[in-house]
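Descriptive analysis of the structure
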Amino acid sequence: MSTNLPILVSTVFAVLTTIEATLTPEHVTVIIGKPSNHTMKTKLELKYGDMELQFRKNSYVDVLTPLVLEASSREGVLQLAGKQATKGHRLIVEICRSANQLDSSNTTECIEMLKGLYLEVTVLKSSLVAALVMVVGWAYFTAWSVSFYPQMLLNIQRRSVIGLNFDFLVLNIVGFLAYSAYNVFMYFDSNVQALYQEAHPHSPIPVLLNDVFFPTHALAACILTALQCFIYKRGNQRVSYTCMVITAIMGIWALVGGFATWFKLINLLQYVTSLSYIKMAVTLFKYIPQKICNAYCCRLFSTSEEKVPLAGRSEQYYWILLVATSTYYKCAYSAGM
């Protein structure tokens, strides 16, 4: 008996993690004291007529009316009003019944509905704060996107890339290439999305359209900056051997992962996720070469008549804004403001 227990547990876990959502959307946001209507949809065929779902009372959100899913459209309106700020509170169904059967909690239809039903609510304190969080989030996105252009404009103005560390540039390209691949696959590839839903059955796909646009735009900007290195004066600067080795290791990592995926040793989601680790690794140390270069340039040109604007300085003001906005955005959303 004990020898079969691990098999039984793994089987049950596999079944639970492959359940398809029966009610969408799975995540909604409401404001404290402000009733709001949310259109809910189901993929189930309602053979017994309209289905009514009554949710258990809780301290965070009022369910003002039961959710009635019409058999013809498979849609219904759920009216909610927030009571207390929170993030990710799960609503629990207390009663499920169909129009043609007054007590149908045990029917196949209700069992199927409840098996895949997951509804999570985030309650914010005010619509103003919700709008502010959204604005700050887009400011974060915009600041990151704009931050690539001052360096390119500076290079054009000076007709020189002296002071721009090539290691920093190469690592940026590698990082954003991996990050772009991750976001593009997660957003557009249905196979990757299906694998993600199996692994995280009640979590939305963690990539939005702006998540796709940012790294692809950043990659293009970095490539354009790299092309400037072949056009403008660069002195004796080159990519260091250390950077070449690091880049080669990351390339081998991606290549090995690709072969492992091809031979089905890992699935496509695991491979795509491994690419995101490349971006994470790049982010940890990509600024170090540029800072070393800046310090070296300061010493080199401190007694010279030629004053070389240090690359990266134009981005520091954006960096301050990025840190402030991203911190507020994440903290506000996590706190359910």
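Being a predicted model, the structure only gives us computed values, none of them experimental.

Before going further, it helps to examine the pattern of salt bridges. In total, this model carries 4 salt bridges according to the counting rule given. A salt bridge links Glu75 to Lys41, with the nearest nitrogen and oxygen atoms 3.8 Å apart. Taken together, the positions of Glu75 in strand β6 (residues 75–82) and Lys41 in strand β2 (residues 36–41) put the pair 34 residues apart, joining distant regions of the chain. We classify Lys41 as partly exposed; its relative accessible area is 44%.

Relative to the helices and strands, Ser180 resides in helix α5 (residues 166–188). A distance of 2.7 Å separates the side chain of Ser180 from the backbone oxygen of Phe176, its partner in a polar contact. For Ser180, the residues in contact, after removing those within four places along its chain, are Pro215, Thr216 and Leu219.

Okay, the UniProt feature "transmembrane region" (unreviewed entry) in the protein next. Here the UniProt feature "transmembrane region" (unreviewed entry) sits at residues 128–149, 161–182, 212–232, 239–262 and 268–285. Within the segment residues 161–182, helix and strand shares are 77% and 0% respectively, and the terminal C-alpha atoms sit 30 Å apart. For residues 212–232, the helix share is 95%, the strand share is 0%, and the end-to-end C-alpha distance is 31 Å.

Okay, the sheet that holds β2 next. Ordered by their spatial adjacency, 3 strands build an open sheet running β2-β6-β4, and the pairing between neighbours is antiparallel. The sheet is open, and its two edges are formed by β2 and β4 (61–63), each paired on a single side. For this sheet, the mean inter-axis angle between neighbouring strands, taken without regard to orientation, is 35°. For β2 and β6, the ladder comprises 6 bridges, and the chain directions are antiparallel.

Conventions used here
- Residues numbered from 1 in each chain as written.
- Predicted model: local features only at pLDDT ≥ 70, side-chain atom pairs only at ≥ 80, totals over all residues.
- Heavy atoms only, no water.
- Salt bridge = Lys/Arg side-chain N within 4 Å of Asp/Glu carboxyl O.
- Helix = DSSP H or I, 4+ residues; strand = E, 2+ residues; numbered from the N terminus.
- Buried < 20%, exposed > 50% of the residue type's maximum accessible area, 1.4 Å probe, protein only.
- Polar contact = N/O pair within 3.5 Å; in protein donor to acceptor, adjacent residues only side chain to side chain.
- Contact = heavy atoms within 4.5 Å.
- UniProt positions renumbered as here; feature names shortened; annotations may be inferred.
- Pairing = 2+ DSSP bridges.
- Axes fitted to C-alpha atoms, helices over the stretch in contact; angles between N-to-C directions.

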